Amino acid sequence: MINYGKQSISDNDIKRVIKTLKSDFLTQGPMVDRFEDSFAVTTKSKYAITFNSATSALHASCLAIGVGAEDVVWTSSISFVASANCAVYCGAKVDFVDIDLATYNIDPKALEIKLEQAKKDSCLPKILIVVHMCGNPCDMIEISRLSKIYGFKIIEDASHAAGASYSGNPIGSCEHSDIAVFSFHPVKIVTSGEGGIATTNCAKLKEKLRLFRSHGVTRNSNLFHCEEHSEQPWYYEQQSLGYNYRLSDIHSALGFSQLKELDSFVRKRNKLAEKYDNRLREFSRINLQKVSERSTSSYHLYSIRIDFDGVREKIELFKNFRSNAINLNVHYIPIHTQPFFRNMGFNEGELPISEAYYQQAVTLPLYPDLIEDDIDRISDLLLEFLS
Ligand SMILES: *Cc1c(COP(=O)(O)O)cnc(C)c1O
């Protein structure tokens, strides 16, 4: 069975994890620091803070920036639900910006129009969470220009985008954002089993992220509120309400080892995506994702848009592939149409471009261990079905 994504685990990865299993530390040992240091170097960011998932990293990022019940957070409806849930965890109000049908990312023009209206209505967002859909970087220069005019912070949900680059810098460098968050779930570009990481260049945000990761507790005497304790070796201090969002040394060992393959994984993904592009580009019912000249996509997903003759045809396509041992997928069902968000007052029809994208979207399999013959077979099947 070929699925839309799959991890590649090498013998070196396995050896690295076994080494940690035989060591003195299973959690909060040296591999956490090594993984964080090498991720910061890879992304050209000052700080990298591991978490036990991207979801917990997104939650902690909202808290670190100070999101509370009075605040509004905007994101894209074409994302995994975690991009919105992280703000709901903080009690904030969530709203969605429509996408650009070509890039699948937040449309800067739609963003500007929505900001202008929100300014008039005095309900500007505190944070915009942008999503680099499929690994395709958002128009960060334009989005950061708007952030300065309208005074919001930017979190990049870069769960898809490890190894992608924008305007000459790796995604995660935070050149145009406050925090970037990555996921190490097995279908993502590199994996730690479960896991996530936040990168930032701001020392204050780094400290807060570390506090929220571990119960709001610090052992760093430089940070103690009560200085008289600073000479007591046993002393620790809870300064806020945090969580246990830590990544273990076992997971960090796998992530550290996988990170060495980041470039080669992204290169393979780009090569296979190019092969798909060449096979599918000429077909009039198929539209490919547009990646800007400024960017390199990490191609976490290969999502195309197909002009279907109704939803029935899309169901038949999935069945047809399934009978050929290939699982197609859809990324994503618009978040605002989920029952949980409808109960908050969102309705279908509110984000016409996101909804139009969803009607058409199909994710074809893409992962480093696929070979070009697989891409040919999948393309043949697809073109035959649609002809
Ligand atoms: C996978 C994913 C997440 C959540 O990642 P976890 O590590 O599973 O918590 C969040 N946002 C996006 C866009 C994702 O694809």
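Within each chain, residue numbers correspond to sequence positions counted from 1 in written order. Where totals are concerned, whole chains, interfaces and linings use all residues; where local detail is concerned, this predicted model gives features only for residues with pLDDT of at least 70, and gives and counts side-chain atom pairs only at 80 or more. Values reported for side chains reflect all heavy atoms of the structure, with hydrogen atoms and water molecules removed beforehand.

Chemist: What is the right way to read the nonpolar core from this model?
Modeler: Among buried residues, those of type Ala, Val, Leu, Ile, Met, Phe, Trp, Tyr and Cys that are joined through side-chain atoms within 4.5 Å constitute a nonpolar core. The rule is simple: take the accessible area with a 1.4 Å probe, protein chains only, and divide by the maximum for that residue type; under 20% is buried, over 50% is exposed, in between is partly exposed. By size, the foremost hydrophobic cluster in this structure holds 41 residues, and its most contacted members are F39, W74, L111, L128, V130 and F182. Elements with a contribution of two residues or more to this core: α2 (30-43), β2 (72-76), α5 (108-120), β4 (127-131), α6 (140-150), β8 (179-183), α8 (249-259) and α9 (262-280). Sequence-distant contacts of L128, that is, excluding residues within four places in its chain, are made with W74, T75, V97, I106, L111, I143, F152, K153, I154 and I155. By size, the runner-up hydrophobic cluster in this structure holds 34 residues, among which are I49, F51, L209 and L351. Helix and strand labels come from DSSP, where a helix needs a run of H or I of at least four residues and a strand needs a run of E of at least two; each type is numbered from the N terminus. Contact criterion: two residues are considered in contact whenever any of their non-hydrogen atoms come within 4.5 Å of each other.

Chemist: How do you make sense of empty space enclosed by the protein when you look at a structure like this?
Modeler: Remark: the empty space left among the atoms is shown by a probe the size of a water molecule rolled over them. Method remark: on a 1 Å grid restricted to protein atoms, a set of points is classed as a cavity if a 1.4 Å probe fits but cannot get out and as a pocket if it is open with protein on both sides within 12 Å along at least five of seven lines; lining residues have an atom within 4 Å of a point. Grid points are joined across faces, edges and corners, and a volume is the space filled by probe spheres set on the points. Taken as a whole, this structure holds four cavities of 30 Å³ or more when the rule is applied. Reported here for the largest cavity is a volume of approximately 80 Å³. As for the largest cavity, its lining consists of M140, E156, Y166, N169, P170, I171, G172, S173, C174, E175 and H176. Of the voids in this model, the second largest cavity is the one considered here, and its volume is about 50 Å³. Lining of the second largest cavity is provided by D277, L288, Q289, Y299, Y302 and S303. Lys, Arg, Asp and Glu make up the charged group, whereas Ala, Val, Leu, Ile, Met, Phe, Trp, Tyr, Cys and Pro make up the nonpolar group; the residues left over, Gly among them, are polar. Here the lining of the second largest cavity is composed, by residue class, of three nonpolar, two polar and one charged.

Chemist: Help me out: how do you make sense of the packing of α2 against α8 in this one?
Modeler: When two helices pack together, their arrangement is given by the angle between their axes and by how far apart the axes lie. Between α2 and α8, the shortest axis-to-axis distance is 8 Å and the interhelical angle comes to 30°. Helix-helix and strand crossings are classified by hand; for α2 and α8 the assignment is left-handed. Taking contact as the criterion, the partners of P30, M31, V32, R34, F35, S38, F39 and T42 in α2 are, on α8, D249, S252, A253, G255, F256 and L259. In the contact of α2 with α8, the residues fall into eight nonpolar, four polar and two charged. Axes here refer to lines fitted to C-alpha atoms; in helices the fit is confined to the stretch in contact. Angles between the N-to-C directions go from 0 to 180 degrees. Helix crossings get a hand from a simple test, with the near helix turned counterclockwise from the far one by less than a right angle marking a left-handed crossing and a clockwise turn marking a right-handed one.

Chemist: Whenever I open this one, the site of the ligand confuses me. Can you help?
Modeler: Being near a molecule or strand, for a residue, comes down to having at least one heavy atom within 4 Å of it. Close to the ligand lie 14 residues; T55, D157, H160, S183 and K188 are nearest. Counting of polar contacts relies on pairs of N or O atoms within 3.5 Å, with two restrictions inside protein: one atom must be capable of donating a hydrogen and the other of accepting it, and residues adjacent in sequence are counted only when both atoms are side-chain atoms. D157 places a side-chain nitrogen or oxygen 2.7 Å from a nitrogen atom of the ligand. Here S159 contributes a side-chain N or O atom positioned 3.4 Å from a nitrogen atom of the ligand. Accessible surface area values rest on a Shrake-Rupley calculation with a 1.4 Å probe, where residue burial reflects the displayed protein chains alone. In the complex, 93% of the free accessible area of the ligand, which totals 380 Å², lies under the protein chains. Those elements that place two or more of their residues in the shell around the ligand are α3 (54-65) and α4 (82-89). Counted by class, the shell around the ligand contains four nonpolar, eight polar and two charged residues.

Chemist: Help me understand the pairing of strand β5 (residues 153-157), please; the structure alone is not making it clear to me.
Modeler: Regular strands show a simple pattern: their side chains alternate between the two faces of the sheet. β5 sits mainly inside the fold: four of its five residues count as buried. Bridging between β4 and β5 involves five bridges; their strand directions are parallel. Bridging across to β5, I127 finds its partner in K153. Pairing geometry for β5 and β8, over three bridges, is parallel. Each bridged residue has a counterpart across the sheet, and for I155 the counterpart in β8 is I179. A strand pair is defined by DSSP finding two or more bridges across the two strands.

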